[in-house]
Amino acid sequence: MTDSKYFTTTKKGEIFELKAELNSDKKEKKKEAVKKVIASMTVGKDVSALFPDVVNCMQTDNLELKKLVYLYLMNYAKSQPDMAIMAVNTFVKDCEDPNPLIRALAVRTMGCIRVDKITEYLCEPLRKCLKDEDPYVRKTAAVCAAKLHDINAQLVEDQGFLDTLKDLISDSNPMVVANAVAALSEIAESHPNSNLLDLNPQTINKLLTALNECTEWGQIFILDCLANYTPRDDRESQSICERVTPRLSHANSAVVLSAVKVLMKFMEMLPKDLDYYGTLLKKLAPPLVTLLSAEPELQYVALRNINLIVQRRPEILKHEMKVFFVKYNDPIYVKLEKLDIMIRLASQANIAQVLAELKEYATEVDVDFVRKAVRAIGRCAIKVEQSAERCVSTLLDLIQTKVNYVVQEAIVVIKDIFRKYPNKYESVIATLCENLDSLDEPEARAAMIWIVGEYAERIDNADELLESFLEGFHDESTQVQLQLLTAIVKLFLKKPTETQELVQQVLSLATQDSDNPDLRDRGYIYWRLLSTDPVAAKEVVLAEKPLISEETDLIEPTLLEELICHIGTLASVYHKPPSAFVEGSRGVQHKRLPGSAGSGESESQDTGSAAGVTEAPPAVIPSQGDLLGDLLNLDLTPPTTTGPPPPSSGMQMGAMDLLGGGLDSLMGDESEPLGGDLGGSPAMGAGFSAPTAAMPASFNAPVSGGLDDLFDLGGGVGLPMGAYTPPKTIWLPAMKAKGLEISGTFVRRAGVIQMEMTLTNKAMSVMTDFAIQFNRNSFGLAPAGPLQVLTPLSPNQSIEVALPLSTVGPVMKMEPLNNLQVAVKNNIDVFYFSCQYPISMLFVEDGKMERQVFLATWKDIPNDNESQFQIKDCHLNSDAASNKLQGSNIFTIAKRTVEGQDMLYQSMKLTNSIWVLAELRVQAGNPNYTVCLKCRAAEVSQGVFQCYEAVLKN
Amino acid sequence: MIHSLFLVNASGDIFLEKHWKSVVSRSVCDYFFEAQERATEPENVPPVIPTPHHYLISVLRHRIYFVAVIQSEVPPLFVIEFLHRVVDTFQDYFGVCTEAAIKDNVVVVYELLEEMLDNGFPLATESNILKELIKPPTILRTMVNTITGSTNVGEQLPTGQLSVVPWRRTGVKYTNNEAYFDVVEEIDAIIDKSGSTITAEIQGVIDACVKLTGMPDLTLSFMNPRLLDDVSFHPCVRFKRWEAERILSFIPPDGNFRLLSYHVSSQNLVAIPVYVKHNISFREGSSQGRFDLTLGPKQTMGKAVESVLVSSQLPRGVLNANLNPSQGTYTFDPVTKMLTWDVGKINPQKLPSLKGTMSLQAGASKPDENPTINIQLKIQQMAISGLKVNRLDMYGEKYKPFKGIKYMTKAGKFQVRT
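Everything numeric here is computed off the predicted structure, so don't read it as measured data.

Chemist: Looking at this structure, how should I read unusual backbone geometry?
Modeler: Across residues other than glycine, the phi torsion is negative in most instances, and most of the peptide bonds are trans. Positive phi, normally seen in glycine, also occurs at A:Asp769, with a value near 55°. With respect to the helices and strands, the residue A:Asp769 is situated in the loop between β3 (752-761) and β4 (771-774). Phi at B:His62 is positive, roughly 50°, even though this residue is not glycine. Inspection of the secondary structure puts B:His62 in the loop between β4 (55-61) and β5 (64-70).

Chemist: Hey, could you run me through helix α38 (residues 851-860) of chain A in this one?
Modeler: Because an α-helix completes one turn every 3.6 residues, residues spaced three or four positions apart along the sequence face the same direction. Residue and element names in this part refer to chain A. By the burial criterion, the buried members of α38 are Phe854, Thr857 and Trp858. Taken end-on, α38 shows its buried residues confined to a sector of 100°, consistent with a single buried face. Relative to its buried face, α38 has exposed residues pointing more than 90 degrees away, namely Gln852, Leu855, Lys859 and Asp860. Tucked inside the fold, the buried residues of α38 contact β10 (891-898), β11 (901-909), β12 (915-923) and β13 (929-935).

Chemist: Teacher, can you tell me more about the pattern of salt bridges here?
Modeler: A side chain of one charge can pair with a side chain of the opposite charge if their charged atoms are brought near each other. This structure, assessed with the given rule, holds 49 salt bridges over all chains. Across the pair B:Lys413 and A:Asp330 runs a salt bridge whose closest N-O atoms are separated by 3.2 Å. Of this pair, B:Lys413 sits in strand β23 (residues 402-417) while A:Asp330 is found in the loop between α17 (296-312) and α18 (332-345), placing the two residues in two different chains. Under the relative-accessibility criterion, A:Asp330 is labelled buried at 5%. The shortest N-O distance in the salt bridge between A:Lys494 and A:Glu457 comes to 3.0 Å. Pair noted here: A:Lys494 is in helix α26 (residues 478-494) and A:Glu457 is in the loop between α24 (442-454) and α25 (462-470), with a separation of 37 residues, a long-range link.

Chemist: Any chance you could explain a negative patch on the surface here in plain terms?
Modeler: Among the surface-exposed residues, A:Glu464, A:Glu467, A:Glu471 and A:Glu501 lie close enough to one another that they form a single negatively charged patch. Here A:Glu464 lies in helix α25.

Chemist: Please explain the interface of chain B and chain A as it appears in this structure.
Modeler: Buried accessible area, meaning the area lost when the parts come together, often serves as the stated size of an interface. Facing 95 residues of chain B, the contacting portion of chain A comprises 93 residues. Taken together, both faces of the contact between chain B and chain A bury some 8400 Å²; the carbon and sulfur share is 58%. Among the salt bridges present, the one from A:Glu357 reaches B:Arg417, with a minimum N-O distance of 2.9 Å. Across the chain B-chain A interface, the total number found is 21 residue pairs in polar contact (both at pLDDT 80 or more).

Parameters at a glance
- Residues numbered from 1 in each chain as written.
- Chains lettered and ligands numbered in written order.
- Predicted model: local features only at pLDDT ≥ 70, side-chain atom pairs only at ≥ 80, totals over all residues.
- Heavy atoms only, no water.
- Helix = DSSP H or I, 4+ residues; strand = E, 2+ residues; numbered from the N terminus.
- Buried < 20%, exposed > 50% of the residue type's maximum accessible area, 1.4 Å probe, protein only.
- Arc of directions from axis to C-beta.
- Contact = heavy atoms within 4.5 Å.
- Salt bridge = Lys/Arg side-chain N within 4 Å of Asp/Glu carboxyl O.
- Patch = residues over 30% accessible without salt bridge, like charges linked within 9 Å, V, L, I, M, F, W, Y side chains within 5 Å.
- Areas by Shrake-Rupley, 256 points an atom, 1.4 Å probe, with all protein chains shown as cover.
- Lys, Arg positive; Asp, Glu negative; His and termini not counted.
- Charge placed at Lys NZ, Arg CZ, Asp CG, Glu CD.
- Buried area = accessible area lost by both parts, 1.4 Å probe.
- Polar contact = N/O pair within 3.5 Å; in protein donor to acceptor, adjacent residues only side chain to side chain.

This is the structure we're talking about:
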């Protein structure tokens, strides 16, 4: 007698049979039938046709049957809203039942019926249950309020349930408190600015008391809520920490991690010389280590978080290296994470152990893991200077194994070691050259070519080696081509006599036979450089390179701070800001760590990151003005680096090598600004393994030069007729977005607003997974569909995208009114920028007002709302102007001529049904027009005026 | 919070779905199946998978994937812990957690899932409370239900749910009052080629089976509580008392539960109970390899090492192994290349050994990788960390309970590199 009988295959007429059974008089048969229905539902069969029959079974005293019917109701009420109303009465009745179990069950179930019509009937029972005498009912009702909010937020606010929920935070029962917190937290997620969880010392105290007594899940909710609080001073911070610390010994790992989050955050406020600070640091290590003995899935989440903790406070786990050693049967995702943390913890004290382990891993079976292990050896060498020699010899041992992928990976990292310790390990070059033929991956080939070019004077047959690469030049990837070009130029500058032919060959290959603008541009630069001033060329190409620094892969300090505030969440697993989670970011609040009590201490504490922590600009969206201002400044003055020094990486070095040194002379000599394409191409130093990191500030100068160009160009190509389309401007410069450049404009075509963008990949890696999201804005602009970038965007490729926009998104007034904040995501990161759309995009096609209405409205709008503007230097007659404006949905309703002055009366309507009335005065022979605008919402006038000006002048 | 749950079996079929909020189409699992296909081994499926609108968080237990769907920012550990709780509950209710068992009890499963989460918020996850709400199926009860038409669902408000001791129900009665504690320790270790310990740590737990009448208040003290510096407790343990006196004081749940788990870290000296002498070698140009393995007891405090099982994943190039065990039996699976040797008990006078040759594919080159040897073992009556319970006292009730404490040491992830 098991339930598997319910799973027998669908026979013909099964629904019919069930219907008969549901209507049977026998209780037992009825129940069996409901069970069968539920079983079918569980496996995804559609049994919604039985709705009325099942609902009929609801009026029963049998609790199990009641529950089963409730289950069914929750699943299908949405598809049968009219029938579901039949169930309402039973709910209302059950909410009055003397048995609290029934009351709670009823309030629980009714919240799950996601039908608008019904929810209104449920407010009264819910109100009662929120104040029920039984805490079990109250806590269930608290969750129900959150459910209701999900269905109809307005209703919950209007009915005052939010205040009732806030009151429940002071409830005497800890479980009720926990559920109220959970419900409020969930509601708050969709109301970023509302002060739902208004935390003050009193509520904090209540939460801390409830924390000790509620269930493990309740503890998680409360701890997560506590983490949002900012204590007033270090004493309060310490007292909270003291009360949270016991949670570190909880058996539930989620409780432990949430407690770690609270402690990590509040620790920031404690003075470092406090004894308690040291105690706390010691207490944090054991629970973190314990998490690593749990199931692999838990380990994975724990490791991702430990990765953050180790970056912020390496002292916590510095003695625990061994627990991160990899077991051979760990799942691969655990292995890779452990490896990453091992490198972060590597120091002079433990490097021998770490290296021995890494060497062991390099002989494992899993290719991905082996590669990462080899790369890790290189990172150790760069991080711990004393170990470099040992690392190099380990790598040489590995190269001797001749395992293809090990050799290639080793060569890539050895190149980095050369960059860090020049003129130290060049003796190994001979060994590397032996393996030249086995390299088939672009990265390894590029690395090898770089090495040959850089040390051309020490390699006797460097020209032969490079020549051999040149044979298949066109089949190589861009990375290798660029590297080969640079390497041969280096070679030429070092040994000019015998390599002239070679350099000419490569220059002609790069400039004449290549379709790749990056390659071509670089080719031309070299060519001109070599032909005009070989001495300068030498200075530029063979300039001394700055050493690469150890921490190329550290998370940027502001992001790290934010992530520390989100320990234990999805954000911490993906190491991306919570705003990156497009779905869940209805309201994004950037959390920051509270400042330390003594501001001086943080500086002295950790040398590298401290400065960055205190001064780093917050990750807010810069307004368009700032952005442009930035660019212009950079054009005129040498860049001043504020905030943390940009993490240097191989890539940038390559760029500086070319531009940093010789740029001035180059720009001076050449009348034609080369900057345009050149500046934006990070691939200049291609071939270096560094991830696409932020561009160094010094790199910006040529970009802005190029920008000017672009602007000029755009100015000339405005469309003469039809809707006015502003030229594309650069919204997101590549250096702010790890190589992604976005320029764009807004167009209105056939009544549809479109955001037209050009996405350009100026990084070295392929970009995929594009997505876009808007912040709430004044006119509710929102993407009407996903960003259509179907094919991955390969380096140096551009793509044109038109994103249709709707105006039904969430609304929030922006400053200025037409400001739009945009987040674009790709596989690398999330980027923010803001742009301004011309208000004319919002003028709808049916914006022509009746004459009478116009007159009445004009009179109706108070004179205070009238504003007057001058448009200078416009040489159109009134008819041409009228025509032009009509193209942008500004309709002329009447024209009057008084004393040689044309008065055009015009109207337009915005997407949100705001009417704007205008009077345009044009005097023959006078290039200055006057526009009078009247609108009930006077704020839009400025934007409308700008449209007039833009339309008339283009 | 948790939106939906899908159960997926080894062959990639969804055999159960449950939604706590709106219904999420099962096509969302396609992203999971993609990840599953990419993974080389079933256990390599990443636990957190992003999809355009949801996140999938999964655990693999008993060859069933429990895939939770979430839509907003939810702590992943919270979800994983909850999924574990679901697995534990199923196991508790049905004895095993298999596809067949779940299908056999689908109504109970559905009722349980409904009780465990409300709108994605955990509701009742303590097995004591659940059992009061929904009685576990037994053959007798199923028969009675069929005849009388009564149900598995309790009529009562679960009393424990709101008391200060939510883990214990009231009115417990036993004729034999007994409390048993098992101290079980597992050694996780990595031993390198030369036999020296790279890392070793002990994961210990104290599992209890307490069947006591009324509301007993127990205290448990240790001879050497200093060992326990990294512990996680069952919620019943009074943390303040532990902090102050290093005594475990608690009102126990009824039945089986885990009182505490602890971790003795690698910084303490961990005794290694066995040593392995090995020689696994291949010669260049020969299709034969040598295999020679000897086990011996090391630091066992005079206790016998039992149930020893040695396993090793031999290199892919190995075709077959022709070995000769001095005791026990061995098997070699030519498909997975897994060698298992069931040794049994180690006799210190006559050390067990496994010797012989491995044959390689003709013409294959010498394998690069070195196989790792995995060892399982048991030692009764000893906790390898040296942890010892001093005494167990009961307050609050008049009767004299029967008390018992058992120690056991096992190998956890005990690996020897060659």
